[in-house]
Amino acid sequence: MPKYETTLTRCETVAEGTMAFHFAKPAGFKFTAGQSMNVSLIDPPETDAKGNARSFSIASAPYEAELMIATRMRDTAFKRVLKSMPAGGRVSLRGPMGNFTLDGADARPAVFLAGGIGVTPFVSMLRDAAHSRLARDLWLFYSNRRPEDAAFLEELAALPKRHSRCHFVGTMVEVAKSSRPWSGETGFLDRTMLERHLKGLAAYVYYTAGPPGLVEAMQKMLIGAGVAEDAIHTDEFFGY
């Protein structure tokens, strides 16, 4: 797998407890929306048992000049170093990797089921689809505890205005704990919610990403609704 060295260009907070990190895209680094890459710290000032490298979905789209990742900020040496890294700080990248990508030969509308930071591969896919005017319907169902916790919420909710083939359904499971107004769906992503928005669940192809518990629940729910197993693609995000 190719290895590249690059630099951090900037970082920003994209939700409570979630940050995005932007890196200069190395010459020759080409990827497909939905793929991931491995980020390694170079000579970090501190380290721990979990090591100096992590894999992240690439949240930026292939046409963009930068590579962007987004992650929940836990108290690990890797994330402390990344958070305090100044612009120009060096990192090593390996990738791209993974096949959690849209099949261009599959004309069925695609449904993305995301929990929390599992939304990152879909940010890349949806930016790419809006940019290329993809002639295929894409539905994003995005579940979070509160609007405050939902990374890229405003951008994703506005996507249908950019490209009419993109559809957005957000749901919040602890909206009572939010200080922000929310007029979208509430409660857990389930079959009833999907059936309110989609006609005939078996006609779609599904991509689900997020914590392993959510991914497993989505698989069971879809199979129970008559969706073929080979029409369900998964990407699990383990907390680290």
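Residues numbered from 1 in each chain as written. Predicted model: local features only at pLDDT ≥ 70, side-chain atom pairs only at ≥ 80, totals over all residues. Heavy atoms only, no water.

Q: For this particular structure, what's the right way to read the sheet that holds strand β12 (residues 232–236)?
A: Strand pairing in a sheet is mediated by backbone hydrogen bonds. Such pairs are either parallel or antiparallel. What the 6 strands build is an open sheet, ordered β10-β9-β8-β7-β11-β12; its pairing is parallel. With partners counted over all chains shown, the strands left at the sheet margins are β10 (185–186) and β12, one partner each. Taken together, the 6 bridges between strand β7 (residues 110–115) and strand β8 (residues 138–144) define a ladder with parallel strand orientation. Residue pairing in the sheet places L113 in a bridge with F141 of β8. Docked against the sheet, helix α3 (residues 153–162) engages β8 and β9 (166–172), running at close to 140° with respect to β9. Here helix α5 (residues 212–224) sits on the sheet in contact with β7, β11 (205–210) and β12, set at roughly 160° to β11. (Pairing = 2+ DSSP bridges. Helix = DSSP H or I, 4+ residues; strand = E, 2+ residues; numbered from the N terminus. Contact = heavy atoms within 4.5 Å. Axes fitted to C-alpha atoms, helices over the stretch in contact; angles between N-to-C directions.)

Q: Whenever I open this one, the layout of surface pockets confuses me. Can you help?
A: Leftover empty space is mapped by rolling, across the atoms, a probe with the size of a water molecule. Taken as a whole, the largest pocket spans an internal volume of roughly 870 Å³. Around the largest pocket sit 43 residues that line it, and G115, I117, G118, P211 and F237 are the ones nearest its centre. Of all the secondary-structure elements, those providing two or more residues to the lining of the largest pocket are β4 (53–57), β5 (66–72), β8, α5 and β12. Along the lines of polarity and charge, the residues of the lining of the largest pocket split into 17 nonpolar, 18 polar and 8 charged. (1 Å grid on protein atoms, 1.4 Å probe; cavity = no way out; pocket = protein on both sides within 12 Å on 5 of 7 lines; lining within 4 Å. Points joined across faces, edges and corners; volume = space filled by probe spheres on them. Nonpolar A, V, L, I, M, F, W, Y, C, P; charged D, E, K, R; others polar.)

Q: I would appreciate a short explanation of the packing of aromatic side chains in the present structure.
A: The geometry of an aromatic ring pair is captured by the separation of the ring centres together with the interplanar angle, meaning the angle of the planes. On inspection of all chains with the given rule, the structure shows 9 aromatic pairs. Note on F112 and F122: the rings are 4.6 Å apart at their centroids and 10° apart in plane angle, and the pair reads as stacked. Here F122 lies in helix α2 (residues 120–132) and F112 lies in strand β7, a separation of 10 residues in the sequence. Across the pair, F122 and F112 agree in class, each one buried. Ring geometry for Y204 versus Y206: centroids 6.4 Å apart, planes at 55°, classification tilted. Judged by relative accessible area, Y204 falls into the buried class, the value being 9%. For Y206, a relative accessible area of 0% gives the class buried. Linked through ring pairs, F100, F112, F122 and Y207 together constitute an aromatic cluster. (Phe/Tyr/Trp six-rings, centres within 6.5 Å; stacked < 30°, edge-to-face > 60°. Buried < 20%, exposed > 50% of the residue type's maximum accessible area, 1.4 Å probe, protein only.)

Q: I would appreciate a short explanation of the environment of S84 in the present structure.
A: Inspection of the secondary structure puts S84 in helix α1 (residues 77–84). Spatially, the C-alpha atom of S84 lies 31 Å from that of G213, the residues being 129 residues apart in sequence. A polar contact of 3.0 Å, which involves the side chain of S84, links it to the backbone oxygen of R80. Within polar-contact distance, the side chain of S84 engages the backbone oxygen of V81 at 3.3 Å. (Polar contact = N/O pair within 3.5 Å; in protein donor to acceptor, adjacent residues only side chain to side chain.)

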